[in-house]
Amino acid sequence: MRRVRARMLEFLWQHFYTSFLRFWLKWFIRQVTRKCELQRICSGYKQGAPRTVQAEYSLESSKNKVLRAALNVEENMVEECAEAIMMEKKVVSQKDPTFKLNLQVCLLQISGYKRLYVSVEDLRKQMFDSEKAEHENMLLKLWDLLVPSVKLESRITKQWGDIGFQGDDPKTDFRGMGMLGLTNLVFFSENYTDVARQVLSHSNHPKLGYSYAIVGINLTEMAYSLLKSGALKPHFYNTVPQSPKLEHFHQLYCYLAYEFDKFWIEEKPESIMEFNRYREKFHDQVKKQLEEPDVTLYLRVDCK
Amino acid sequence: MGLLSILRKLKSTPDQEVRILLLGLDNGGKTTLLKQLASEDISHITPTQGFNIKSVQSQGFKLNVWDIGGQRKIRPYWRNYFENTDVLIYVIDSADRKRFEETGQELAELLDEEKLSGVPVLIFANKQDLLTAAPASEIAEGLNLHTIRDRLWQIQSCSALTGEGIQDGMNWVCKSVNSKKK
């Protein structure tokens, strides 16, 4: 009973705060500091997740249409949008010369994250199609990048098992991740070739082995669901001071692929059958990292 | 048909725990089936490394459904999950004719396993939503199912994607668990 009452009080307080108190509090501070909330955020928080997360919250809670629309601004309209906000909030450039640029970065990051999700989702929904030369070539390229010393005997062959596909034709393994899964695998092998080959060789370990490609597709799912839930916001706000692009998503995948391999080897699981338990443990670790305000999940090794 | 309603139908059994094992070749649709039963999103499934398990519990009674990866490399591990199985569900991709022989062989080997002797088996002729899918009757004939004499068996055509046929199959599963336990 007491718990119910406490939750009711909390709910009432929340309601009172968002619909009434927050407005007057902001008005009062504005009178004292002569700055609007967005200005205070831009000057008071350091660039990256600390600032952009605050700005996003401020825009989301705003009752002003111009401010709320800014959350979904097009990339080429960001400057106009920042100017409109300054008009709306009566901010004078000369008095706060850095504000406009800082606000623009925040807007690019906030709206860019949503755009990134749309492009990732588009790529995921593209099924691997053997009829498409582009898809087929990417698959063959993956083989050549990972195992340059061995030639594929034919397109349908047991050799695919050597890089961790399930059967003799990888096309059925992409499933719910579609071309997003393949693109991530190729990006990792192309941009971090040595690291990818090293991870592949670990995955062929007689005792601690796992299926390289299948686990990679599974980690793509992890990256995808983290993006979808919004959990990756702090990472992208900290690492990309602009609108994040697909390439940045692939970079994050590289981080997960490298770190998961390290984690797996350190944990020494009994067998591959334990995969999902360790995947969850790793997933929890990543989510915990993403709660840190200065998180950056960046793979720091020399390229190629 | 959700896991909870299956659990309710199984309530007449004296056991505290019922164990259902999902097996079959890779890309047969085991995980999609499991997620359908658990009413979960089936749009971003990836190949199973190891296994997935779903459990439901109600009033001290428990149902566990085990979905074990079908990749050739991990089939040797299947036997680790045989013990105390109440029903085996074997999932076949009805559109993948090239692998009918392979899937038949795997099934025959399972039915020879001592730890699975007498365990009722439901064969799901999955992917009936695809135009190229073979009908259940053709698969039954190809697998010589009519020669099975040592256990209850049933073949059910279904589509794990659309959910069609799953309920009928699961009704049979409940019935055979109940009759086996009595």
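Residues numbered from 1 in each chain as written. Chains lettered and ligands numbered in written order. Predicted model: local features only at pLDDT ≥ 70, side-chain atom pairs only at ≥ 80, totals over all residues. Heavy atoms only, no water.

Cut-off, in case you're wondering: UniProt positions are given in the numbering used here, feature names are shortened, and annotations may be inferred rather than shown by experiment.
Going by an unreviewed UniProt entry, chain B carries the name ADP-ribosylation factor-like protein 3 and comes from Megalops atlanticus. In its Sequence similarities (unreviewed entry) section, UniProt records this for chain B: "Belongs to the small GTPase superfamily. Arf family."

The name that an unreviewed UniProt entry assigns to chain A is ELMO domain-containing protein, with the source organism given as Megalops atlanticus.

### With respect to the environment of A:S225
All names here are of chain A. We count it as follows: The secondary structure listing takes helices from DSSP runs of H or I that are at least 4 residues long and strands from runs of E that are at least 2 residues long, numbered from the N terminus. Counting of polar contacts relies on pairs of N or O atoms within 3.5 Å, with two restrictions inside protein: one atom must be capable of donating a hydrogen and the other of accepting it, and residues adjacent in sequence are counted only when both atoms are side-chain atoms.
Structurally, S225 can be placed in helix 10 (residues 212-229). Along the chain, S225 and S58 lie 167 residues apart, while their C-alpha atoms are 25 Å from each other. A polar contact of 3.2 Å, which involves the side chain of S225, links it to the backbone oxygen of M222.

### Remarks on the pairing of strand 3 (residues 61-68) of chain B
Residue and element names in this part refer to chain B. Note the cut-off: Buried, partly exposed and exposed residues are distinguished by accessible area as a fraction of the type maximum, computed with a 1.4 Å probe on protein chains only: under 20%, between the cut-offs, and over 50%, respectively. Strands qualify as paired when DSSP identifies two bridges or more between them.
Within strand 3, seven of the eight residues are buried, leaving the element largely enclosed by the surrounding structure. Where strand 1 (residues 17-23) lies against strand 3, six bridges are found, and the strand directions are parallel. Bridge pairing in strand 3 links I20 to V65. Relative to strand 3, strand 2 (residues 51-58) runs antiparallel, the two being bridged by eight bridges.

### Comments concerning the side chain of B:R99
Residues and elements named next belong to chain B. Rules: Only heavy atoms enter the contact rule, under which two residues are in contact if any of them lie within 4.5 Å.
Among the secondary structure elements, R99 is positioned in the loop between strand 4 (87-93) and helix 3 (100-112). For R99, a relative accessible area of 19% corresponds to the buried category. When residues no more than four places from it in sequence are discounted, the contact partners of R99 are L25, D26 and R75.

### Regarding the pattern of salt bridges
Should their charged atoms come close, side chains of opposite charge can pair. Residue and element names in this part refer to chain B. This is how the line gets drawn: Salt bridges, as used here, are contacts in which a Lys or Arg side-chain nitrogen is within 4 Å of a carboxyl oxygen on Asp or Glu.
Taken as a whole, this structure holds 31 salt bridges over all chains when the rule is applied. The partner of E113 in a salt bridge is R79, with the nearest N and O atoms 3.1 Å apart. Of the two residues, E113 is situated in the loop between helix 3 and strand 5 (121-126) and R79 in the loop between strand 3 and strand 4; the sequence distance between them amounts to 34 residues. The shortest N-O distance in the salt bridge between R99 and E102 comes to 3.2 Å.

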